[in-house]
Amino acid sequence: MEISKIQESIAKAIEEKISGEQRRYLLNEQLKAIKKELGLETDDKTALSAKFRERLEPKRQKCPPHVLQVIEEELTKLQLLEASSSEFNVTRNYLDWLTALPWGSYSDENFDVHRAQKILDEDHYGLSDVKERILEFIAVGKLRGTSQGKILCLSGPPGVGKTSIGRSIARALDRKFYRFSVGGLADVAEIKGHRRTYIGAMPGKMVQCLKNVGTANPLVLIDEIDKLGRGHAGDPASALLELLDPEQNANFLDHYLDVPIDLSKVLFVCTANVIEMIPNPLLDRMEVIALAGYITDEKMHIARDYLEKTTREACGIKPDQVEVTDAALLELIENYCRESGVRNLQKQIEKIYRKIALRLVRQGVSNEPSPDVSVQQGVVESTDSSDTESSIGSSDTESSTADCQIKTFVDGSSCKDATETDSAEVLEATEPASHEHANDLVTTESEQSANNDMLPNPSSDSATIEQVTDREGNIGSTSVKEDVAGKVVENIVVDVSNLTDFVGKPVFHADRIYDQTSIGVVMGLAWTSMGGSTLYIETTQVEQGEGKGQLVLTGQLGDVMKESAQIAHTVARAVLLEKDPENPFFANTKLHLHVPAGATPKDGPSAGCTMVTSMLSLAMKQHVKKDIAMTGEVTLTGKILPIGGVKEKTIAARRSAVKTIIFPSANRRDFDELAANVKEGLEVHFVDGYNQIFDLAFESNNETIGFGLASFG
Ligand SMILES: Nc1ncnc2c1ncn2[C@@H]1O[C@H](COP(=O)(O)OP(=O)(O)OP(=O)(O)O)[C@@H](O)[C@H]1O
């Protein structure tokens, strides 16, 4: 009895529930039908299909037939699927990607070489050989009518402008710009996409790029290609090869998209610090353009004409409110920023300008732009605004309250135009950044006032602010408000004497630890991914005694360098035997050879001749010639073999005030190709055998000791 009552009540509850749902479903369907009848709304699936068709319509003519066919099939499938099913979502997303891609839509390319030259000059100082190569490339594009089929690779140490040159090329060619970094990338799916069957599947970077830029011929900058990871599932290098190779990429197959896409019109530019690390099949297909680094003089120009200008604008400071003297800039370059690139220099300049901004604000200056000119300011966008912003936000190591205030000031008032933060970015190739090309290091007062004369509507601010009233409206985009009335605001001068107030004390650099090298110490030249640098080889005597001849090595030397030291020991012994047969130094002395700095791992054979010289200097108790540096691999018989990184090493030598360099003869061609300003003031010798190095290194002492080395090697 009880049981039948319970059963009855359960049956009733279920019936009520079912009929309620049926009722709701019925009413919903009726509502939809009525709305459809009235033309108020189409159902979800129809609306979706209509949306996709509408998106496809403008591209239909240019869209390849096989893609159109897939889209049609998928649209039919969409109608048949239940809207709540997971497959419906997969199909919808797939259609979304398929219809969003810029099938066959290309932006008009600009092959105007003069315009390209202007743009490249506007964005970068110097780099004439690099610019020339780019212009040649554009010229060929003009003659052929297309620039397809080339992969450029810009290689060089960090901060020499590889990424920003990439951007300039996009601007010069009028192509859209997209950048993504493959540093550490180990998953092939990042490039080729995931198969649609996986939950959360996405297409690869290239398809994302095309969707973002909206044209099928952008310039794609692939950053850090030398740091490509090694994948556990699939090899990213092979996937990149398929992407980059002009023979294959006309039919690039993304796993997600599953229809071939034509990437043959995409211009690929890669960047790398060391080309040796790029997988060979990739390197084979690239046209490598090397950027070696800058000498002091070039850095001065870059700082004055480019970095200072963009930073000043980014900080909202007017040219007449600040003066950074030549001497201060030189000090900054020589003692704070000795590396090959200019990124650190840019950071230091930003640091100075932030501090100046704070001082100006404390003095009561307000450079707030009036509403009508703020628009104008937005246009004056640096091509590198992102980099500027990211370093403004992150470079400073001091975290004082003052700095926080400065940051607020900078962010709030002037860095509005910076946008990108991600590793992938899209840039419309915009019109020129406002770089000037003054050859002089300083924009003189007369130039400034000449500029003023050309300005149409000089403001009539009160005479209380000296420089402002003198040169009002100099950059034509800001005006000083009256709120400092009655107060004289002086422009801030940054000179050598007060530079430490802005950037602190200079950092210690180990590249010139000896003013005059002592006995057993010789300067060599090294080449790393950070550019060239000088290094010292130090040799001392540990103990002496009959038959104690031995060599101890320190300084984090790799296997090749250790072997090179052993070879040097043997060569030095042979040289001494030849010069001074009675001298038993090497046979009876335990030597210690060290290469500072001990924390930096070093390897390679190019310090061979430096090691021999260092050991001989100790054995003969003679200094080597002042300000001499050398590089070259030495063989057991004393032959000198060629080395790499001639330009980087020459620049490093100049940075360290070296006067004489010794290079292997086989590197003469590399040296001859260097720009005149890089070679300026250097006495360079090319040698085949160690005997010539001996003569050069111990030159001044030869007469005194009466050595005349017979041919060795
Ligand atoms: N010749 C130059 N003239 C003007 N500005 C330059 C020049 N070279 C570099 N810069 C500036 O230096 C900054 C750093 O350059 P960029 O980011 O392109 O370096 P990079 O070589 O790509 O470095 P990384 O290898 O670390 O990616 C940029 O703001 C760039 O505009």
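Source: prediction; values computed, not measured.

### Comments concerning the site of the ligand
Okay, so step 1: Lining the immediate environment of the ligand, one finds 20 residues, of which Pro-158, Gly-161, Lys-162, Thr-163 and Ser-164 sit closest.
Okay, so step 2: Every element with two or more residues in the shell around the ligand is listed here: helix H7 (162-173), helix H12 (296-314) and helix H14 (343-363).
Okay, so step 3: Of the residues forming the shell around the ligand, the biggest block, three residues, is contributed by H7.
Okay, so step 4: Here the shell around the ligand is built from residues that sort into seven nonpolar, nine polar and four charged.

### Quick look at the sheet that holds strand S15 (residues 628-630)
Okay, so step 1: The mixed open sheet is built from seven strands, whose spatial order is S13-S14-S12-S11-S15-S18-S19. Only two strands of the sheet have a single neighbouring strand rather than two, namely strand S13 (550-554) and strand S19 (683-687). Between one strand axis and the next, the sheet turns through 30 degrees on average, direction left out of account.
Okay, so step 2: The pairing of strand S18 (residues 660-664) with S19 spans five bridges and is parallel. Looking at the pairing, Ile-662 lines up with His-685 of S19.
Okay, so step 3: Across the sheet, helix H23 (residues 608-620) lies against strand S11 (521-528), strand S12 (531-544), strand S14 (589-594) and S15, angled at about 35 degrees from S12, the strand it touches most.
Okay, so step 4: Most of the contacts of helix H24 (residues 646-655) go to S12, to which it runs at about 75 degrees, and overall it touches S11, S12, S15 and S18.

### Some remarks on unusual backbone geometry
Okay, so step 1: Here Glu-224, not a glycine, exhibits a phi torsion of approximately 55 degrees, which is positive.
Okay, so step 2: Inspection of the secondary structure puts Glu-224 in the loop between strand S3 (219-223) and helix H10 (236-244).
Okay, so step 3: The backbone of Asp-258 shows a phi angle near 65 degrees, a positive value even though the residue is not glycine.
Okay, so step 4: Tracing the backbone through its elements, the reader meets Asp-258 in the loop between strand S4 (252-253) and strand S5 (260-261).

### Observations regarding the packing of H12 against H14
Okay, so step 1: Remark: H12 packs on H14, axes separated minimally by 10 Å, with the N-to-C direction vectors making an angle of 45 degrees. Here H12 lies oblique to H14, going by the angle between them. For the pair H12 and H14, the sense of crossing is right-handed. Of the residues in H14, those in contact with Lys-299, Ala-303, Leu-307, Glu-308, Thr-311 and Arg-312 of H12 are Leu-345, Gln-346, Ile-349, Glu-350 and Tyr-353.

### What about the pairing of S18?
Okay, so step 1: Among the five residues of S18, four are classified as buried, and the element is accordingly described as predominantly covered.
Okay, so step 2: Where S15 and S18 come together, three bridges link them in parallel fashion. Each bridged residue has a counterpart across the sheet, and for Met-630 the counterpart in S18 is Ile-662.

### Describing the UniProt feature "binding site: ATP" (unreviewed entry) in the protein
Okay, so step 1: Following the UniProt record, the feature "binding site: ATP" (unreviewed entry) maps to Gly-156, Pro-157, Pro-158, Gly-159, Val-160, Gly-161, Lys-162 and Thr-163 here.
Okay, so step 2: Secondary-structure assignment places Gly-159 in the loop between strand S1 (151-155) and H7.
Okay, so step 3: We classify Gly-159 as buried; it has 24 C-beta atoms within 10 Å.
Okay, so step 4: With residues up to four places along the chain from it excluded, the contact list for Lys-162 reads Leu-154, Gly-156, Thr-271 and Leu-291.

### Focus: the packing of H23 against helix H27 (residues 690-697)
Okay, so step 1: Where H23 meets H27, the closest approach of the two axes is 11 Å, and the angle between their N-to-C directions is 55 degrees. Put simply, H23 runs oblique to H27. For the pair H23 and H27, the crossing hand works out as right-handed. Residues Cys-609, Val-612 and Thr-613 of H23 touch H27, and the partners they reach there are Tyr-690, Ile-693 and Ala-697.
Okay, so step 2: The residue inventory of the contact of H23 with H27, partitioned by class, reads five nonpolar, one polar and no charged.

### Points about the environment of Arg-179
Okay, so step 1: With respect to the element layout, Arg-179 can be found in strand S2 (residues 177-181).
Okay, so step 2: Sequence separation of Arg-179 and Val-220 is 41 residues, and the distance between their C-alpha atoms is 5.7 Å.

### Here's the deal with the pairing of S11
Okay, so step 1: Within S11, seven of the eight residues are buried, which leaves the element mostly enclosed by the surrounding structure.
Okay, so step 2: As paired elements, S11 and S12 share eight bridges and run antiparallel to each other. Bridge assignment links Thr-528 to a residue of S12, and that residue is Gly-531.
Okay, so step 3: Where S11 hands over to S12, the hairpin turn is made up of two residues, counted between the paired strands.
Okay, so step 4: Pairing geometry for S11 and S15, over two bridges, is parallel. Paired with Met-523 across the strands is Ala-629, a residue of S15.

What counts and how
Residues numbered from 1 in each chain as written. Predicted model: local features only at pLDDT ≥ 70, side-chain atom pairs only at ≥ 80, totals over all residues. Near = placed C-beta within 6 Å. Helix = DSSP H or I, 4+ residues; strand = E, 2+ residues; numbered from the N terminus. Nonpolar A, V, L, I, M, F, W, Y, C, P; charged D, E, K, R; others polar. Pairing = 2+ DSSP bridges. Axes fitted to C-alpha atoms, helices over the stretch in contact; angles between N-to-C directions. Contact = placed C-beta atoms within 7 Å. Parallel < 35°, antiparallel > 145°, perpendicular 65-115°, else oblique. Left-handed = near helix turned anticlockwise from the far one by under 90°. Buried ≥ 20, exposed ≤ 12 C-beta atoms within 10 Å, placed from the backbone. UniProt positions renumbered as here; feature names shortened; annotations may be inferred.

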